[in-house]
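Residue-level structure breakdown
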Amino acid sequence: MGCPGRKTLSFFLIFVPVCLHGALSQEAGPAGPRKPFFERLRRLEEQFRRFQEVTLTHLRGIASNYNVSYNVDVRFRSLAEESQAVALAVNQSQAAVQGDLAHLRARMRKMERKSRKADSRLRALDLALGEKSEPRARERKVQKDALQDTLARLSDLVHRQGARLAALEGRLHMATLGAVAPAPVPGPGLAQPDRPRLGSPKLQRGRQALGAAPEPGSAAQDSAQGTRGRPASGGHQTLNGAATAPPARTPERPGETCPAGPVLVFPNASTENVVPLGPGFPTALRALSFCSWVRTASGRLGTLLSYTTEDNDNKLVLHGRDSLAPGSIHFVIGDPAFRELPLQLLLDGRWHHVCVLWTSVQGRYWLHVDRRLVAAGSHFREGYEIPPGGSLVLGQEQDSVGGGFDSSEAFVGSVSGVAIWDRALVPGEVASLAAGRELPTGAILTLANATRVGGFVQRANCTCLELCP
């Protein structure tokens, strides 16, 4: 590293005598005028001083470069040592990782062998269980289908026998009335004999004497039903004829037993006339019974009941409108599925008892009016479930939750005894309701659940519905 400094120093030692010799030769030359000796000497001293400064600066640069190069060598040696240590550590870590990987590979091979054995055992168990469970599943399915068919047959049998019972009671009523000795038109001083009611002791004695009206669900009914064909599935039928001919309905007189309770009067077709029943259905419904006393004040029925949820504005509706035939009403479950029910009997301006029943088992439904089975059908929303949490109102058809009313679909008239069950009532319970007796157990909503009475709707309490204005 000191060679460049020595070469530079020898160069300057040679260069100085040459410069002095050139200056002396210039003095000795004949050309040009001679200058004083001291002035030339002073110039030489200045040149020599500048040369010394330049030489000193150059030597200092050389010395600084030498120190830098020395420090670089030391750093290079330290870096080389550190790199060797890092390489050694890396080699050691690689050896450790490779050892761990070898152990993991061995364990994975063992686990794979164990998992293959477990899979083979599970497949064998699944095969064995499948062979054992398939017959049981088929047997359970057959039993379930048979149970559903039996339940459907029994339900249809009960309702048809209930209709026969109501018809026989009507005949018995007429026969009892005919058995009373006819008298001439009473004069001013003669009292007219009272006609026996359906629940009177005289009528009960006449019923026992005839013995023609078996109790619902009895063996005699089952044997009698065995000779009758089942109604056609998948459709809607209206039951007519002598077997279901209604008895003449007469208004109750003061002092006799008759339906009583709070009455809601809808005086006009205003969209403000609405009665919410809250808080709607508490649970999902796979069966339903809606019963009410109804008296209409116009030539159409309007909407009796409307149940709406966020995803469907017609989850459950009993409504009529101007476009429908008079006395017709749509029974909707999960729009757009519906059945058209004939309720022309309700257009006479008198009180009638109406019950609409439905069950998701084979989608069966029944319509009772004054204890008579007026219509029945099947395969209507079979297996469907009416969801909870919606808005339930009386008197209006909802196009949105709690609103969207149309005056052409509003109910005009009076209702009483409104009740809803989460099951299908049997004909005996329907007949008991129509006779003005207590509600069957298990009603989930009644008029007691009315949250408010809106618009022009009036609420009245009557000792007898026939006496209500």
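The structure we're discussing is the one just above.
Just so it is clear, the structure is predicted and the values come from calculations on it, not from any experiment.

Our focus in this paragraph is the overall build of the protein. For the protein, the count of helices and strands is 5 helices and 15 strands. Expressed as a percentage of the 469 residues in the protein, the buried residues total 35%. Taking as baseline every contact in the protein between residues at least 6 positions apart, the subset at least 24 positions apart corresponds to 72%. Accessible area for the protein stands at about 27,800 Å²; split by element, carbon and sulfur atoms hold 58% of it.

With 41 residues, the main nonpolar core has Phe-281, Leu-318, Phe-331, Trp-358 and Leu-367 as its most contacted residues. In this structure, Cys-355, Leu-357, Trp-421 and Val-430 belong to the second largest nonpolar core, which totals 12 residues.

Let us now look at the packing of aromatic side chains. Under the definition given, this model contains 5 aromatic pairs. Between Phe-266 and Phe-411, the aromatic rings sit 5.6 Å apart at their centres with planes inclined by 80°, giving edge-to-face as the arrangement. Placement of Phe-266 in strand S2 (residues 261-266) and of Phe-411 in the loop between strand S12 (391-394) and strand S13 (413-421) is noted, with a sequence separation of 145 residues between them. Per residue, the accessibility class of Phe-266 equals that of Phe-411, and both read buried. Seen from their ring centres, Phe-331 and Phe-380 are 5.5 Å apart, and the 65° between their planes marks the pair as edge-to-face. Placement of the pair is Phe-331 in strand S7 (residues 328-333) and Phe-380 in the loop between strand S11 (372-377) and S12, with a sequence separation of 49 residues. In terms of burial, Phe-331 and Phe-380 fall into one category: buried. An aromatic cluster of at least three residues, connected via ring pairs, comprises Phe-331, Tyr-365 and Phe-380. In this structure, Arg-381 packs its charged tip against the face of Tyr-384, placed 4.5 Å from the ring centre.

Once that is clear, we can look at the pairing of S11. Along S11, 6 of the 6 residues are buried, which leaves the element largely enclosed by surrounding structure. Turn length for the strand S10 (residues 364-369)-S11 hairpin, with the two strands adjacent in sequence and antiparallel, is 2 residues, and the turn residue Asp-370 shows positive phi of about 50°.

Here we take up the state of the cysteines. Simply put, the disulfide is a covalent bond whose two ends are the sulfur atoms of two cysteines. Scanning the entire structure with this criterion turns up 2 disulfides. Paired through a disulfide, Cys-291 and Cys-355 show a sulfur-sulfur distance of 1.9 Å. Handedness of the Cys-291-Cys-355 disulfide follows from its S-S torsion of about 120°: it is right-handed. On the criterion of sequence distance, the pair formed by Cys-291 in strand S4 (residues 287-296) and Cys-355 in strand S9 (residues 352-359) is long-range, its members being 64 residues apart. Across this residue pair, the class does not change: Cys-291 and Cys-355 are buried.

On to a nonpolar patch on the surface, then. Together, Phe-37, Phe-38 and Leu-41 give the surface a local cluster of nonpolar side chains, amounting to about 350 Å² of exposed area. Among the secondary structure elements, Leu-41 is positioned in helix H2 (residues 37-179). Its relative accessible area of 34% is what places Leu-41 among the partly exposed residues.

On to unusual backbone geometry. In this chain, Gly-278 is followed by Pro-279 through a cis amide linkage whose omega measures 0°. Note that Pro-279 resides in the loop between strand S3 (275-277) and S4. Of note, the bond from Asp-335 into Pro-336 is cis; its omega dihedral lies within 30 degrees of zero at 15°. If you trace the backbone, Pro-336 turns up in the loop between S7 and strand S8 (338-342). Residues other than glycine seldom take positive phi values, yet Gln-362 does so here, at roughly 60°. Its place among the elements puts Gln-362 in the loop between S9 and S10.

This next bit is on the sheet that holds strand S5 (residues 305-308). Sheet architecture is open: 6 strands sit in the order S3-S12-S5-S6-S7-S8, paired in antiparallel fashion. Pairing within the sheet leaves two strands with one partner each, and these edge strands are S3 and S8. Pairs of neighbouring strands in the sheet enclose a mean axial angle of 20°, with direction left out of account. As judged from the 4 bridges shared by S5 and S12, these two strands associate in the antiparallel manner. Paired with Thr-308 across the bridge in S12 is Ser-391.

It is worth spelling out a positive patch on the surface at this point. A contiguous patch of positive charge on the surface is contributed by Arg-105, Arg-107, Arg-109, Lys-110, Arg-113, Lys-114, Arg-116, Lys-117 and Arg-121. Topologically, Arg-113 is positioned in helix H2. Since its relative accessible area comes to 42%, Arg-113 is described here as partly exposed.

Bringing the side chain of Ser-292 into the picture now. Within the secondary structure, Ser-292 sits in strand S4. For Ser-292, a relative accessible area of 2% gives the class buried. Looking at Ser-292, its side chain comes within polar contact range of the main-chain oxygen of Ser-416, at 3.3 Å. In contact with Ser-292, other than residues within four places in its own chain, are His-352, His-353, Val-354, Val-415, Ser-416, Gly-417 and Val-418.

This next bit is on the pattern of salt bridges. As enumerated under the stated definition, the model contains 4 salt bridges in all. Two residues, Arg-42 and Glu-46, come together in a salt bridge whose shortest N-O distance is 2.9 Å. Taken as a pair, Arg-42 and Glu-46 lie in helix H2 at a separation of 4 residues, close to a single helical turn. On the basis of relative accessible area, Glu-46 is assigned to the partly exposed category, the value being 30%. Where Glu-385 meets Arg-286, a salt bridge forms, and the shortest distance between an N and an O atom there is 3.9 Å.

Basis of the calculations
- Residues numbered from 1 in each chain as written.
- Predicted model: local features only at pLDDT ≥ 70, side-chain atom pairs only at ≥ 80, totals over all residues.
- Heavy atoms only, no water.
- Helix = DSSP H or I, 4+ residues; strand = E, 2+ residues; numbered from the N terminus.
- Buried < 20%, exposed > 50% of the residue type's maximum accessible area, 1.4 Å probe, protein only.
- Contact = heavy atoms within 4.5 Å.
- Areas by Shrake-Rupley, 256 points an atom, 1.4 Å probe, with all protein chains shown as cover.
- Core = buried A, V, L, I, M, F, W, Y, C linked by side-chain atoms within 4.5 Å.
- Phe/Tyr/Trp six-rings, centres within 6.5 Å; stacked < 30°, edge-to-face > 60°.
- Lys NZ or Arg CZ within 6 Å of the ring centre and 35° of its normal.
- Pairing = 2+ DSSP bridges.
- Disulfide = S-S within 2.5 Å.
- Patch = residues over 30% accessible without salt bridge, like charges linked within 9 Å, V, L, I, M, F, W, Y side chains within 5 Å.
- Salt bridge = Lys/Arg side-chain N within 4 Å of Asp/Glu carboxyl O.
- Axes fitted to C-alpha atoms, helices over the stretch in contact; angles between N-to-C directions.
- Lys, Arg positive; Asp, Glu negative; His and termini not counted.
- Charge placed at Lys NZ, Arg CZ, Asp CG, Glu CD.
- Polar contact = N/O pair within 3.5 Å; in protein donor to acceptor, adjacent residues only side chain to side chain.

Geometric values such as these leave the question of function open.
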